[in-house]
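Architecture and fold: a report
Letter by letter, the chains look like this.
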Amino acid sequence: MKKVLALCLAVACTALVLAGCNTGGAGSAGQKVKIGVIQFVAHDALDAAYKGFVDGLAEAGYKEGENVSFDFQNAQGEIANCSSIATKLVNDKNDLILAIATPAAQAVAQATGDAKNLPVLVTAVTDPQDAGLVASNEAPGGNVTGTSDLAPVAKQIELLKQLVPEAKTIGFLYSSSEANSVFQIDLARAAAEELGLTTQDFTVSSTNEMQQVVQSMVGKVDAVYAPTDNMIASGMPAVAAIANQNKLPVIVGEVGMVQNGALASYSLDYYELGKITAGQAVKILKGEATPATMPIEYQTEFKLELNEETAQTLGITIPADLQ
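Reading the values: rules and limits
Sequence order sets the numbering: in each chain, residues are counted from 1 along the sequence as written. Local features are withheld for residues below a pLDDT of 70 in this predicted model, meaning they are given only at 70 or higher, and side-chain atom pairs are given and counted only at 80 or more; totals for whole chains, interfaces and linings count all residues. Hydrogens and water molecules were not included; the side-chain quantities draw on all heavy atoms of the structure. The way it works is that DSSP assigns letters per residue, a run of H or I at least four long becomes a helix, a run of E at least two long becomes a strand, and they are numbered from the N terminus. Exposure classes here rest on a 1.4 Å probe applied to the protein chains alone. A residue is buried below 20% of its type maximum, exposed above 50%, and partly exposed in between. In this analysis, two residues are considered to be in contact whenever any of their non-hydrogen atoms come within 4.5 Å of each other. For accessible areas, the Shrake-Rupley method is used with a probe of radius 1.4 Å. Any residue's cover is judged against the shown protein chains and nothing else. Residues scored as charged are limited to Lys and Arg (positive) and Asp and Glu (negative), so that His and the chain ends carry no count. By convention, charge coordinates are those of NZ in Lys, CZ in Arg, CG in Asp, or CD in Glu. Whenever a nitrogen or oxygen atom comes within 3.5 Å of another N or O atom, the pair is scored as a polar contact, on the condition that within protein one atom can donate a hydrogen and the other can accept it, and that pairs from neighbouring residues in sequence are kept only if both atoms are in side chains. To form a nonpolar core, buried Ala, Val, Leu, Ile, Met, Phe, Trp, Tyr and Cys residues must be joined to one another through side-chain atoms within 4.5 Å. A pocket here means an open set of points on a 1 Å grid, computed over the protein atoms alone, that has protein on both sides within 12 Å along at least five of seven lines. A cavity is instead a set of points where a 1.4 Å probe fits but cannot get out; residues with an atom within 4 Å of a point line either one. Grid points are joined across faces, edges and corners, and a volume is the space filled by probe spheres set on the points. Under the convention adopted here, Pro, Cys and the residues Ala, Val, Leu, Ile, Met, Phe, Trp and Tyr are nonpolar, Asp, Glu, Lys and Arg are charged, and Gly plus all remaining residues are polar. The axes used here are C-alpha line fits, helices contributing only the stretch in contact, and every angle between their N-to-C directions lies in the interval 0 to 180 degrees. Should an angle fall under 35 degrees it is taken as roughly parallel, and over 145 as roughly antiparallel, whereas 65 to 115 is taken as roughly perpendicular and any remaining angle as oblique. For any pair of crossing helices, the crossing counts as left-handed if the nearer helix is rotated counterclockwise from the farther one by less than a right angle, and right-handed if it is rotated clockwise. By arc we mean the arc of the directions from the helix axis to the C-beta atoms, nothing more.

Re the overall build of the protein chain
Counting its secondary structure elements, the protein chain contains 12 helices and 12 strands. Seen through its C-alpha atoms, the protein chain measures out along the principal axes to roughly 95 × 40 × 30 Å. Every one of the 323 residues in the protein chain was classed for burial, and the buried ones make up 50%. Taking all contacts inside the protein chain whose residues are at least 6 apart in sequence as the whole, residues at least 24 apart take part in 73%. For the protein chain, the accessible area works out to roughly 14600 Å², and carbon and sulfur atoms hold 52% of it. The positive charge centre, built from 19 side chains, and the negative charge centre, built from 35, are 10 Å apart in the protein chain.

If you want it as structure tokens, here you go:
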């Protein structure tokens, strides 16, 4: 009788293992993790954040094609696409969703609805609390947490003054539909006022307007500041072409925009930001933490990025203390 009972228990345990039943988190041995990813638009910074996330997970043992699969979706910069993609990722029963950039994050947060047990990580979001994604950045309180790409905006405005000391009027170029951009522009306006600079806003609602808006700045402002705005970043080559042709220096929010023709920035590293987000994902997948109690994380080191070719085109000499 004891042998029969033992055999039944063994068969039952085997069946549970084969069925994938265990008491661990989604990252338990033998289970393949499904991660849905929504990226608002393709540009260097967001692409780097995603690559850092994938590489960070691989370093932690979650390797694509082995024990993790990614359903990557790009919204092509369209808010409507964000909503439909977010709904799809929620309905597909992913173990975790990564939302890259504020519009994508807002769409996923809304789409989770009653699925509050579905963990959502965000990255490249300037201020998750201001964007309505978390109760507070220190204590998110729900199913959403992640990493912020808040740049040193005041320091970037100071950099503009250093590189263009004769500047009196600064044009702010951004998309007014992006909460992350509006947040940064408020910071930039305060910093500019402290330096005695006059500011003007130049907003775009679509990429089709970008060249016309940039052209309208010529003769009205002495320099341009563009924050980590997704629409502006994706169209930076066109922005830089017009601005540089008209000797209009452009200071920006991140390194990818500098590489695409802007003059300079103090920038964080989006690849490393993605890896920080991956670290959060590992803790969630292993059941070691939940988004509700996991604070938003930030980068604290920023690198000076200068485009020497653009400086030469503009006739700007880089001060010795910035070289």
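What about the side chain of Ser136?
Following the sequence through the fold, Ser136 ends up in the loop between strand 4 (120–125) and strand 5 (144–148). Among the polar contacts listed, one links the side chain of Ser136 to the backbone nitrogen of Ala139, at a separation of 2.9 Å.

Looking at the nonpolar core
Judged by nonpolar contacts, the single largest core of 53 residues is most densely connected at Ile35, Phe53, Leu57, Phe70 and Leu133. Only strand 1 (33–39), helix 2 (44–59), strand 2 (68–74), helix 3 (79–91), strand 3 (96–100), helix 4 (102–112), strand 4 and helix 11 (270–285) provide two or more residues apiece to this core. Excluding anything up to four places from it in sequence, Ile35 contacts Phe53, Leu57, Val68, Ser69, Phe70, Asp71, Asn94, Leu96 and Leu285. Formed by 26 residues, the second largest nonpolar core is a distinct cluster that contains Ala167, Ile170, Ala264 and Leu322.

Observations concerning the layout of surface pockets
Looking at the largest pocket, its volume works out to about 280 Å³. Around the largest pocket sit 20 residues that line it, and Val255, Ser267, Leu268, Asp269 and Tyr270 are the ones nearest its centre. Breaking the lining of the largest pocket down by element, the ones donating at least two residues are helix 2, helix 10 (255–259), helix 11 and strand 12 (303–306). Class assignment of the residues belonging to the lining of the largest pocket gives a composition of eight nonpolar, five polar and seven charged. Along the walls of the second largest pocket sit 16 residues, with Gly77, Glu78, Ser206, Thr207 and Met231 positioned nearest its centre. Partitioning the lining of the second largest pocket into residue classes produces four nonpolar, 10 polar and two charged.

Examining the packing of helix 7 (residues 210–217) against helix 9 (residues 236–245)
Where helix 7 contacts helix 9, the two axes come as close as 9 Å, and the packing angle between them is 25°. By the angle class used here, helix 7 and helix 9 are roughly parallel. For the pair helix 7 and helix 9, the crossing hand works out as right-handed. Contacts between helix 7 and helix 9 involve Met210, Gln211, Val214 and Gln215 on the former and, on the latter, Ala238, Val239, Ile242 and Ala243. Residues belonging to the contact of helix 7 with helix 9 are distributed by class as follows: six nonpolar, two polar and no charged.

Brief notes about helix 5 (residues 153–163)
Every α-helix carries 3.6 residues per turn, so stepping three or four residues along brings you back to the same face. All of the buried residues along helix 5 are Val153, Gln156, Ile157, Leu159, Leu160 and Leu163. Down the axis of helix 5, the sector holding all buried residues measures 155°, keeping them to one side. As for helix 5, its buried residues are in contact with strand 6 (169–175), helix 6 (179–194), strand 8 (223–226), strand 9 (250–252), strand 10 (264–267) and strand 12.

Keep in mind these values describe shape, not function.
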